[in-house]
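Each chain, written out:
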Amino acid sequence: MRQMMVAGNWKMHGSVAFTRDMIQTLTASVTVNEAVTLLVCPPMLYLTQAIQAASNTSLSVGAQNCAQIQTTGAYTGEVSATMLADVGCQYVIIGHSERRALYGETDAVVAEKTKVALAAGVKPIVCVGETLAEREAGQAETIIATQLDAVSKVIGAAGWANAIIAYEPVWAIGTGKTATPEQAQEIHAFIRHQLAKLDAHMAEAITILYGGSVKPDNAVTIFSQPDVDGGLIGGASLNSDDFAKIYAAAVAH
Ligand code: PEP
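Let me begin by describing the structure that accompanies this report. (Residues numbered from 1 in each chain as written. Predicted model: local features only at pLDDT ≥ 70, side-chain atom pairs only at ≥ 80, totals over all residues. Heavy atoms only, no water.)

An α-helix turns once per 3.6 residues; consequently, residues spaced three or four apart project the same way. Residues of helix α10 (residues 216–223) that are buried: N218, A219, I222 and F223. Take α10 and look down its axis: the buried residues cluster within an arc of 125 degrees, on one side only. Looking at the buried side of α10, the elements it contacts are β1 (4–9), α8 (181–196), β7 (208–211), β8 (230–233) and α11 (240–252). (Buried < 20%, exposed > 50% of the residue type's maximum accessible area, 1.4 Å probe, protein only. Helix = DSSP H or I, 4+ residues; strand = E, 2+ residues; numbered from the N terminus. Arc of directions from axis to C-beta. Contact = heavy atoms within 4.5 Å.)

In terms of nonpolar packing, the biggest core is built from 67 residues, with V6, W160, I165, I191, Y210 and F223 touching the most fellow members. The element contributing the most residues to this core is helix α7 (residues 140–160), with 8 residues. Residues M5, A7, L39 and Y91 belong to the second largest nonpolar core, which totals 12 residues. (Core = buried A, V, L, I, M, F, W, Y, C linked by side-chain atoms within 4.5 Å.)

Moving on to the site of the ligand. Looking at the ligand, there are 14 residues lining it, with K11, E168, G174, S213 and G235 nearest. One of the side-chain N or O atoms of K11 is found 2.7 Å from an oxygen atom in the ligand. Measuring from an oxygen atom of the ligand, one finds a backbone N or O atom of G174 at 2.7 Å. When the ligand sits alone it has 290 Å² of accessible area, and the protein chains cover 97% of it. Residue composition of the shell around the ligand, by class: 4 nonpolar, 8 polar and 2 charged. (Near = heavy atom within 4 Å. Polar contact = N/O pair within 3.5 Å; in protein donor to acceptor, adjacent residues only side chain to side chain. Areas by Shrake-Rupley, 256 points an atom, 1.4 Å probe, with all protein chains shown as cover. Nonpolar A, V, L, I, M, F, W, Y, C, P; charged D, E, K, R; others polar.)

Take the pattern of salt bridges next. Close approach of charged atoms allows side chains of opposite charge to pair. Counting across every chain of the model gives 12 salt bridges. The closest approach of N and O atoms between R2 and D229, which form a salt bridge, is 2.9 Å. Residue R2 is found in the segment before β1, and its partner D229 is found in the loop between α10 and β8; the two are separated by 227 residues along the sequence. For D229, a relative accessible area of 3% gives the class buried. The closest approach of N and O atoms between R135 and E130, which form a salt bridge, is 2.7 Å. (Salt bridge = Lys/Arg side-chain N within 4 Å of Asp/Glu carboxyl O.)

The subject of this paragraph is the pairing of strand β6 (residues 164–167). Side chains of β6 alternate between two faces, with I164 and A166 and I165 and Y167 buried alike. Relative to β6, strand β5 (residues 123–128) runs parallel, the two sharing 4 bridges. Paired with V126 across the two strands is I165, which belongs to β6. In terms of strand pairing, β6 meets β7 through 3 bridges, oriented parallel. Bridge pairing in β7 places I165 opposite I208. (Pairing = 2+ DSSP bridges.)

Moving on, we come to the sheet that holds β6. Read around the closed barrel, 8 strands run β1-β2-β3-β4-β5-β6-β7-β8, paired in parallel fashion. When strand polarity is set aside, the average angle formed by the axes of neighbouring strands in this sheet is 30 degrees. Here strand β2 (residues 36–41) runs beside strand β3 (residues 59–63); their pairing, made up of 3 bridges, is parallel. What sits directly across from L38, in β3, is L59. (Axes fitted to C-alpha atoms, helices over the stretch in contact; angles between N-to-C directions.)

Attention shifts here to the packing of helix α5 (residues 107–120) against α7. Put simply, α5 and α7 touch, their axes get as near as 8 Å, and they point 20 degrees apart. Looking at the two axes, α5 sits roughly parallel to α7. α5 and α7 meet at a crossing whose hand is right-handed. Counted together, D107, V110, A111, E112, T114, K115 and L118 of α5 and T146, Q147, A150, V151, V154, I155 and G159 of α7 form the full contact between these two elements. (Parallel < 35°, antiparallel > 145°, perpendicular 65-115°, else oblique. Left-handed = near helix turned anticlockwise from the far one by under 90°.)

Note that E141 resides in helix α7. By relative accessible area, which is 34% here, E141 ends up partly exposed. Spatially, the C-alpha atoms of E141 and P226 are 19 Å apart, while their sequence positions differ by 85 residues. The residues touching E141, leaving out its near neighbours within four places in the chain, are I187 and F190.

Between α10 and α11, whose axes approach to 9 Å, the crossing angle comes to 20 degrees. Here α10 is positioned roughly parallel relative to α11, judged by the angle of their axes. Seen along the crossing, α10 lies across α11 with a hand that is right-handed. For the pair α10 and α11, the contacting residues are P216, A219, V220 and F223 in the first and D242, K245, I246, A249 and A250 in the second.

Moving on, we get to the packing of aromatic side chains. Tallied over the entire structure, the rule returns 2 aromatic pairs. Note on W10 and F18: the rings are 4.9 Å apart at their centroids and 85 degrees apart in plane angle, and the pair reads as edge-to-face. For W10, a relative accessible area of 0% translates into the label buried. Among the residues examined, F18 registers a relative accessible area of 23% and is labelled partly exposed. (Phe/Tyr/Trp six-rings, centres within 6.5 Å; stacked < 30°, edge-to-face > 60°.)

This is the structure:
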């Protein structure tokens, strides 16, 4: 049985008050089932606050990014994976499509960040996914294979065994368009197939999340697909009711 997860990516949203209220509401209203990890990823500035508020609860806290360099150094504005581990951060999203598109993160950068997160003991959630143009050109699988291969070259099967993957079709993120459950399943199965070339056991065991306009009303059908192990949720994770309903859909699946 694979570990499932529902993860909230707050992106650049929130405040001290929002973080306090959201963590309080989630920890009070959601009964965490150990088969489904419940994770929130606030902006870096609110990480410590969130970690402290969530301590002694079943809510996990992750970051949305980390530096490519593992420890310390003259890298103004950066936060290393070692620092994330130091404050008790358990997970980090790596290679979100917004970071790839807006901040020029290449497959090689994503691979390096994944490596340093693993070395620091922070579990990477590695995002992959195709744009609409790539899907329409029939290139979705080629693009995803390339994104996976770049990371595989650097971390190998042993690294993937300690990582999570999020399949996020770029055309579905924040657009209200969701991949159909069949489209999600097809790509998730493809990802597992690609990883099985490295290690069949790892490929069967790795958690693969779907991300892209998951809402309470579509979560059940998406999560019911055999290779979908939960979701990476953007917009709907900013509403505690919606996020709790999506979590409940993963538990019920
Ligand atoms: C995301 O940002 O990872 C995401 C999936 O966003 P949304 O749920 O808003 O599409």
